[in-house]
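As a plain string of letters, each chain reads:
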Amino acid sequence: MIRSTITMQWKKPLKKITASLALAVGVSGGVASVNAEELGYPEKEELTFGFIKLTDMAPIAVAYEKGFFEDEGLYVTIEAQANWKVLLDGVIDGRLDGAHMLAGQPIAATMGFGTKADIITPFSMDLNGNGITVSNAIWDEMKPNIPKMDDGRPVHPIKADALKPVVEKYKEEGKPFNMGMVFPVSTHNYELRYWLAAGGIHPGFYAPHKGDTSGQIDADALLSVTPPPQMPATLEAGTIYGYCVGEPWNQQAVFKGIGVPVVTDYEIWKDNPEKVFGITKEFAEKYPNTTVRVTRALIRAAMWLDENNNANRPEAVKILSQSNYVGADYEVIANSMTGTFEYEKGDKREVPDFNVFFRYNATYPYYSDAIWYLTQMRRWGQISEDKPDAWYKELAAKVYRPDIYAAAAKSLIEEKLAAAEQFPDFTTEDGYRNPQTHFIDGIVYNGQKPNEYIEKFAIGLKSGQKL
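All values derive from a computational prediction rather than experimental measurement.

A.B. asks: Describe the overall build of the protein chain, with residues and values.
C.D. replies: A count of helices and strands for the protein chain gives 18 helices and 19 strands. Along the first, second and third principal axes, the C-alpha set of the protein chain runs to 65 × 50 × 40 Å. Within the protein chain, buried positions represent 60% of all 467 residues. Within the protein chain, residue pairs in contact and separated by at least 24 positions form 74% of the contacts whose partners lie at least 6 positions apart. Counting only carbon and sulfur atoms, one obtains 48% of the accessible surface of the protein chain, whose full area is about 17000 Å². Charge separation in the protein chain, taken as the distance between the mean sites of 48 positive and 61 negative side-chain charges, equals 2 Å.

A.B. asks: Summarise the side chain of serine 368; cite the residues concerned and give the values.
C.D. replies: When you line up the elements, serine 368 lands in helix α15 (residues 367–379). Serine 368 gets classed as buried once you look at its relative accessible area, which sits at 1%. Apart from residues no more than four positions distant in its own chain, serine 368 is found in contact with Gly431, Tyr432, Arg433, Tyr445 and Gly447.

A.B. asks: I'd like a description of the sheet that holds strand β13 (residues 222–225), backed by residues and values.
C.D. replies: Pairing between sheet strands relies on hydrogen bonds along the backbone, with the strands arranged either parallel or antiparallel. Spatially, five strands are ordered β13-β10-β14-β9-β15 in an open sheet, and the strand pairing comes out mixed. What marks the edges here is a single partner per strand, and that holds for β13 and β15 (259–264). For this sheet the average axis-to-axis angle between neighbouring strands, irrespective of direction, equals 25°. Pairing of strand β9 (residues 130–135) with strand β14 (residues 242–246) involves five bridges; the strand directions are antiparallel. When the bridges of β14 are listed, isoleucine 132 appears paired with cysteine 244. Across the sheet, helix α9 (residues 249–256) lies against β9, β14 and β15, angled at about 125° from β14, the strand it touches most.

A.B. asks: With reference to specific residues and values, describe the environment of asparagine 145.
C.D. replies: Tracing the sequence through the fold places asparagine 145 in the loop between α5 (136–142) and α6 (164–172). Under the relative-accessibility criterion, asparagine 145 is labelled partly exposed at 36%. Measuring from C-alpha to C-alpha, the distance between asparagine 145 and alanine 162 comes to 5.0 Å, with 17 residues separating the pair along the chain. Apart from the residues lying within four places of it in its own chain, the contact partners of asparagine 145 are Ala162 and Pro165. Within the structure, the side chain of asparagine 145 is placed 2.9 Å from the backbone oxygen of alanine 162, a separation counted as a polar contact.

A.B. asks: With reference to specific residues and values, describe the pairing of strand β5 (residues 75–80).
C.D. replies: Along a regular strand, successive side chains alternate from one face of the sheet to the other. The element β5 is largely enclosed, with a buried count of five among its six residues. Inspection of the sheet shows strand β4 (residues 46–51) paired to β5 by six bridges, in the parallel sense. Note on β5: the bridge partner recorded for leucine 47 is valine 76.

A.B. asks: Could you give me a rundown of the packing of helix α12 (residues 288–310) against helix α17 (residues 402–414), with the residues and numbers involved?
C.D. replies: Where α12 contacts α17, the two axes come as close as 9 Å, and the packing angle between them is 65°. Taken together, the axes of α12 and α17 lie roughly perpendicular to each other. Seen from above, α12 lies across α17 with right-handed handedness. Together, Thr291, Val292, Thr295, Arg296, Ile299 and Arg300 of α12 and Ile404, Tyr405, Ala407, Ala408, Ala409, Ser411 and Leu412 of α17 make up the contact between the two elements. A breakdown of the residues in the contact of α12 with α17 according to their chemical character gives eight nonpolar, three polar and two charged.

A.B. asks: Break down the packing of aromatic side chains for me, citing the residues and quoting the values.
C.D. replies: With the rule as written, the count across this model stands at 29 aromatic pairs. A ring pair is formed by phenylalanine 205 and tryptophan 380, whose centres lie 6.1 Å apart and whose planes are at 40°; its orientation type is tilted. Residue phenylalanine 205 is located in strand β11 (residues 205–207), and its partner tryptophan 380 is located in the loop between α15 and α16 (389–399); the two are separated by 175 residues in the primary sequence. As far as the burial class goes, phenylalanine 205 and tryptophan 380 line up, both buried. In this arrangement the basic side chain of arginine 379 is found over the ring face of phenylalanine 457, its NZ or CZ atom lying 3.7 Å from the centre. Geometry around tryptophan 391 places lysine 387 over its ring, the cationic atom sitting 5.3 Å from the centre.

Basis of the calculations
Residues numbered from 1 in each chain as written. Predicted model: local features only at pLDDT ≥ 70, side-chain atom pairs only at ≥ 80, totals over all residues. Heavy atoms only, no water. Helix = DSSP H or I, 4+ residues; strand = E, 2+ residues; numbered from the N terminus. Buried < 20%, exposed > 50% of the residue type's maximum accessible area, 1.4 Å probe, protein only. Contact = heavy atoms within 4.5 Å. Areas by Shrake-Rupley, 256 points an atom, 1.4 Å probe, with all protein chains shown as cover. Lys, Arg positive; Asp, Glu negative; His and termini not counted. Charge placed at Lys NZ, Arg CZ, Asp CG, Glu CD. Pairing = 2+ DSSP bridges. Axes fitted to C-alpha atoms, helices over the stretch in contact; angles between N-to-C directions. Polar contact = N/O pair within 3.5 Å; in protein donor to acceptor, adjacent residues only side chain to side chain. Parallel < 35°, antiparallel > 145°, perpendicular 65-115°, else oblique. Left-handed = near helix turned anticlockwise from the far one by under 90°. Nonpolar A, V, L, I, M, F, W, Y, C, P; charged D, E, K, R; others polar. Phe/Tyr/Trp six-rings, centres within 6.5 Å; stacked < 30°, edge-to-face > 60°. Lys NZ or Arg CZ within 6 Å of the ring centre and 35° of its normal.

See the structure below:
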């Protein structure tokens, strides 16, 4: 296992936090809430958190480096993990107390797709941050299908319509069109599938009830798992023709001259939720003060990352470029983290919201975010049979825990470390975003009506369908 470890050696004296709030850290619909007017000392002070070498692990690194964990009386060790499965297993078996996770991991684990475990998230780590990159050869074949601006550069966003003739040619020649994504329940898998399907390219179905978890049934493009840091080398070797991954591994392809990012997830779904911070339900129940204190530290880190119009990003890039964090060159990480994104070599464009860590309520764990992932699991067969809308809502409420988040945020407001207007209105917030309209195919998503949403897609399973 790849391990990169740093451990906090000391901490400041800790005081109790007095605040008029209720800490509802019990399990939704099950265990009674723990009520308190005072957030006490952490029940567990020594913690180990896992992460994958991606720029969106930044809140964990910043919470450590800027002393926010320390302020909460927490001794923290941070360890890089070899892949997403090793990371999830570490949280489940207790080797890790929590981790930077794919948003789909706590949902899938709680549902029992793959590993069965009760994982929750009190904190959403970021919005956006991914891209889809193709090899230089595929890009050359796509370019004639893409409209040009007056200066000759491609018009963005680039839709998969431009890739479809290329995929069809490969099929006619009997060659599989292989693409990489990072994990079967990753945002990257669903974003890549969404983009391909919106352009008429079938990304394939899963049939777990038949023992088929390849996700390649009826596929025009064959998607398979590649760990993020290995994406550029796998592309360069010709094993895959393109991939969907988080930063800095799209920009790395540009710097190495081996590929071209053609679209960002911001263009596929503007301000889409990305990673989450995952812990076991058992941890939250056993260590309620610790759980809220960890959430407080992560909120403060996210605020720091976005404050003053991203003024702290150069410092954040310097932190992330350390080998014990992401370990990519400063210039590669800065290419996206500081508000720009380079597509074709030399075609650098302003994308100020490519990485969002706090604004737009990025850190709030919305039920509707969890439900979107569930709709895509159903669309592609990871959920084999129809489920009523109530099922989606109940599962989302088991995993996403805005009650814990609200307790942490309210205590920060009480201490004047944050302002109430920086958060949702906790007196009226129901956990559902307003219907979202900014998708590359123009389809509107309403988290209150998951089945109605699933029916809108031309490609994907519909009501009553089972493979």
